[in-house]
Amino acid sequence: MTKTEDNRANRRARHAAIRAEVAAEEAENAEAESAENATTLDVPLHLRIDQQLDAQLREWAATEHIPTSALVRRLLRQAMQEHRGDFPTTTQVEEIARRVAREELHHS
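Read on for an overview of the structure. (Residues numbered from 1 in each chain as written. Predicted model: local features only at pLDDT ≥ 70, side-chain atom pairs only at ≥ 80, totals over all residues. Heavy atoms only, no water.)

Quick notes on the overall build of the chain
Test applied: In this text, helices come from DSSP runs of H or I with a minimum length of four residues, and strands from runs of E with a minimum of two, each type numbered from the N-terminal end. When accessible area is computed with a 1.4 Å probe and restricted to protein chains, residues below 20% of their type maximum are described as buried, those above 50% as exposed, and intermediate ones as partly exposed. Computed with a 1.4 Å probe, the accessible areas rest on the Shrake-Rupley method; for each residue, only the protein chains presented here act as cover.
Helix and strand counts for the chain come out as four helices and zero strands. N-terminal to C-terminal, the α/β element order of the chain is α-α-α-α. Classification of the 108 residues of the chain by burial places 6% in the buried group. Accessible surface computed for the chain: about 9,800 Å², of which carbon and sulfur atoms make up 54%.

Written as structure tokens, this is what we have:
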């Protein structure tokens with residue numbers, strides 16, 4: 001095999017690997033979108049945002065290879081999960097109350 005033929009074979013192999021990687025990513029994205037669409041999205045939410053935020057969201061969604069609305073839903077879900085974590089659980093509140101009561105009895 002000549003050097004030129006070798007280079008072509010290597011280039012074809014690289015291209016095939018790239019095509020396979022893209023196909024795998026597309027399949028993964030299609031699967032994720034299908035799973036998201038399987039959940040009931042029956043509540044429309046409309047809001048106004050400025051052009052800069054719109055551009056940032058669209059760019060981010062493009063880099064993630066997902067629709068902008070899917071990105072916004074993901075961000076809203078993450079924010080809700082993080083927000084819930086800010087509040088102590090009932091068990092934690094009860095433990096704090098017991099500790100305060102013990103300290104008050106101890107100092108009395």
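Focus: the layout of surface pockets
Cut-off, in case you're wondering: Site definitions follow a grid-based scheme: protein atoms alone, a 1 Å grid, a 1.4 Å probe that fits but cannot get out for cavities, and for pockets an open set with protein on both sides within 12 Å along at least five of seven lines, plus lining residues having an atom within 4 Å of a point. Grid points are joined across faces, edges and corners, and a volume is the space filled by probe spheres set on the points. Classification used: nonpolar for Ala, Val, Leu, Ile, Met, Phe, Trp, Tyr, Cys and Pro, charged for Asp, Glu, Lys and Arg, polar for all others including Gly.
A volume near 670 Å³ is recorded for the largest pocket. Taken together, 19 residues form the lining of the largest pocket, with L45, S69, V72, R73 and L76 sitting closest to its centre. For the lining of the largest pocket, the secondary structure elements donating two or more residues are α2 (51-64) and α3 (68-84). The element that contributes the greatest number of residues to the lining of the largest pocket is α3, accounting for seven residues. Here the residues of the lining of the largest pocket sort into 11 nonpolar, four polar and four charged.

Examining unusual backbone geometry
Although it is not a glycine, H65 adopts a positive phi angle of roughly 60 degrees. Among the structural elements, H65 can be located in the loop between α2 and α3. On the basis of relative accessibility, which here comes to 53%, the residue H65 falls in the exposed class.

Side note on a positive patch on the surface
As a reminder, the rule being used: Distance thresholds for patches are 9 Å for like charges and 5 Å for nonpolar side chains (Val, Leu, Ile, Met, Phe, Trp, Tyr), applied to residues having over 30% relative accessible area and no salt bridge. Each reported salt bridge corresponds to a side-chain nitrogen of Lys or Arg within 4 Å of a carboxyl oxygen of Asp or Glu. In this tally, Asp and Glu contribute negative charge and Lys and Arg positive charge; neither His nor the terminal groups of the chain are included. Charge placement uses NZ in Lys and CZ in Arg. For Asp and Glu, CG and CD serve respectively.
There is a patch of like positive charges on the surface, built from R8, R11, R12 and R14. With respect to the helices, strands and loops of the structure, R8 is situated in helix α1 (residues 3-38).

Quick look at the nonpolar core
Here is the rule: Buried Ala, Val, Leu, Ile, Met, Phe, Trp, Tyr and Cys residues that are joined via side-chain atoms within 4.5 Å together make up what is termed a nonpolar core. When checking whether two residues touch, look at their non-hydrogen atoms; a contact exists if any pair is within 4.5 Å.
Counting five residues, the largest nonpolar core consists of L57, A61, I66, A70 and L71. When residues of this core are traced back to their parent elements, those giving at least two are α2 and α3. Residues in contact with L57, not counting those within four places in the same chain, are I49, T68, L71, V72 and L75.

With respect to a nonpolar patch on the surface
On the surface, a nonpolar cluster with roughly 480 Å² of combined accessible area is contributed by L45, L47, I49, L53 and L76. In this fold, L47 is placed in the loop between α1 and α2. In this structure L47 comes out as exposed when scored by relative accessible area, which is 60%.

Focus on a negative patch on the surface
The grouping of E21, E25, E26, E28 and E31 at the surface amounts to a negative patch. The topology assignment puts E28 in helix α1.

Focus on the pattern of salt bridges
Two side chains bearing opposite charge may form a pair once their charged atoms approach each other closely. Applying the stated rule across the entire model yields four salt bridges. Of the charged contacts in the structure, one is a salt bridge between R98 and E95, with a shortest N-O distance of 3.3 Å. Of this pair, R98 and E95 both sit in helix α4 (residues 90-107), separated by three residues, roughly a single helical turn. We classify R98 as partly exposed; its relative accessible area is 41%.

Geometry only, nothing functional implied.
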